[in-house]
Amino acid sequence: MFSLHRWLLLDRIEEPIVGELPNRKLGSYISGTATILFTLGVITGIIIWFPRKIRNWRQGLTIKWDANWKRVNHDLHNSFGFYSCIFLFMMGITGPQWSFPWYKDGLRKSLGTYQPEGAKKQTPKSNVSSVAGYKKLYLEDYIKAAEKELDYAGDYTITLPADSSDAISVSKKHAGFFAPAAPDKLLLDQYSASVLQRDIFRDKPLNERISASIKAIHVGEVYGGFTKILYFLASLVATTLPITGTLIWINKLKKGN
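Below, the structure is looked at part by part.

Quick notes on the rules
Residues numbered from 1 in each chain as written. Predicted model: local features only at pLDDT ≥ 70, side-chain atom pairs only at ≥ 80, totals over all residues. Heavy atoms only, no water. Patch = residues over 30% accessible without salt bridge, like charges linked within 9 Å, V, L, I, M, F, W, Y side chains within 5 Å. Areas by Shrake-Rupley, 256 points an atom, 1.4 Å probe, with all protein chains shown as cover. Salt bridge = Lys/Arg side-chain N within 4 Å of Asp/Glu carboxyl O. Helix = DSSP H or I, 4+ residues; strand = E, 2+ residues; numbered from the N terminus. Pairing = 2+ DSSP bridges. Axes fitted to C-alpha atoms, helices over the stretch in contact; angles between N-to-C directions. Contact = heavy atoms within 4.5 Å. Buried < 20%, exposed > 50% of the residue type's maximum accessible area, 1.4 Å probe, protein only. Arc of directions from axis to C-beta. Phe/Tyr/Trp six-rings, centres within 6.5 Å; stacked < 30°, edge-to-face > 60°.

Taken together, the side chains of Phe177, Phe178, Tyr223, Phe226, Ile229, Phe232, Leu233 and Leu236 make up a nonpolar region of the molecular surface, amounting to roughly 800 Å² of accessible area. For Phe177, the location among the structural elements is in the loop between strand E2 (168–174) and strand E3 (184–188).

Below you can see the structure in the form of structure tokens.
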């Protein structure tokens with residue numbers, strides 16, 4: 001399913017289809033281009049909706065079920081499209097970054113969080129000189145130290161140090177149906193479990209929070225199961241929009257003839 005979504009299953013074909021371009025890239029380019037067109041469709045659909053419906057906004061948000069099928073189809077397209085547009089826009093605007101590096105860089109630059117490839121942040125190190133002054137620590141000790149800083153229910157991810165000077169990396173994600181997906185992170189001295197660096201998500205500037213949540217925004221994990229259900233419903237609507245939109249187009253062609 002992931003291969004179908006990202007590469008249209010073209011990564012399963014060994015021989016290149018177009019020149020020497022890897023099939024995975026070809027599939028990625030196709031899906032990325034389709035997503036950009038999809039996003040443009042969402043934007044233009046809202047632009048079309050507003051001038052006609054802003055005065056009669058209730059009519060634009062309801063379905064007249066007792067009308068003929070053409071009117072019902074038109075109302076389904078307009079009202080369902082409006083209800084789901086914000087979620088469809090967020091899916092679409094974030095998707096192409098996995099297909100096009102220039103899109104990813106542009107998205108980060110527009111958010112003010114772009115960093116050149118290869119740039120690494122300096123991270124604090126454990127105090128190796130004080131090893132003899134501390135007793136041996138276990139995972140439970142690091143979790144206890146993290147609990148003092150991150151006092152809420154959640155799931156831990158602990159990354160052990162690569163060498164004697166690296167810090168222990170501890171991430172914690174909120175648990176629950178309406179839990180935010182973004183984790184809080186701590187760097188702990190591996191010998192004393194003291195906090196060397198805090199990375200609390202809610203304390204970050206808005207642009208950094210958005211940038212760090214691009215994947216969560218795309219797949220609907222921003223607020224756990226709650227937003228996943230909203231995205232699921234919006235995606236169901238998205239599958240109907242091409243059908244109802246095509247029927248509207250066909251009906252207008254018949255009127256023109």
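Here we come to the environment of Ile48. Along the chain, Ile48 turns up in helix H2 (residues 23–53). Each C-alpha atom of the pair Ile48 and Pro180 lies 34 Å from the other, and the pair is 132 residues apart in sequence.

On to the sheet that holds strand E1 (residues 154–159), then. Within a sheet, adjacent strands bond to each other through the backbone by hydrogen bonds, running parallel or antiparallel. Taken in spatial order, the four strands make up an open sheet running E1-E2-E3-E4, and their pairing is antiparallel. The open sheet has two edge strands, E1 and strand E4 (195–199), and neither has a second partner. Averaged over all neighbouring strand pairs, the angle between strand axes comes to 20°, with direction disregarded. Across six bridges, E1 lies against E2 in antiparallel orientation. Residue Ile158 lies in a different strand from E2, and its bridge partner there is Val170. Its contacts with the sheet place helix H6 (residues 139–149) against E1, E2, E3 and E4, and it is angled at close to 125° to E1.

Taken as a whole, helix H5 (residues 101–111) has its buried residues at Tyr103, Leu107, Arg108 and Leu111. On an axial view of H5, the arc spanned by its buried residues comes to 130°, and they lie on one face. Turned more than 90 degrees from where H5 packs its buried face, Pro101, Trp102 and Lys109 sit exposed. Buried residues along H5 sit in contact with helix H4 (69–94), helix H7 (206–212) and helix H8 (214–219).

Before going further, it helps to spend a moment on the packing of aromatic side chains. As enumerated under the stated definition, the model contains twelve aromatic pairs in all. Aromatic pair Phe2 and Trp7: ring centres 5.5 Å apart, planes at 85°, arrangement edge-to-face. Note on Trp7: relative accessible area 10%, which makes it buried. A ring pair is formed by Phe87 and Tyr231, whose centres lie 5.9 Å apart and whose planes are at 65°; its orientation type is edge-to-face. Within this pair, whereas Phe87 is found in helix H4, its partner Tyr231 is found in helix H9 (residues 224–256), the two being separated by 144 residues in sequence.

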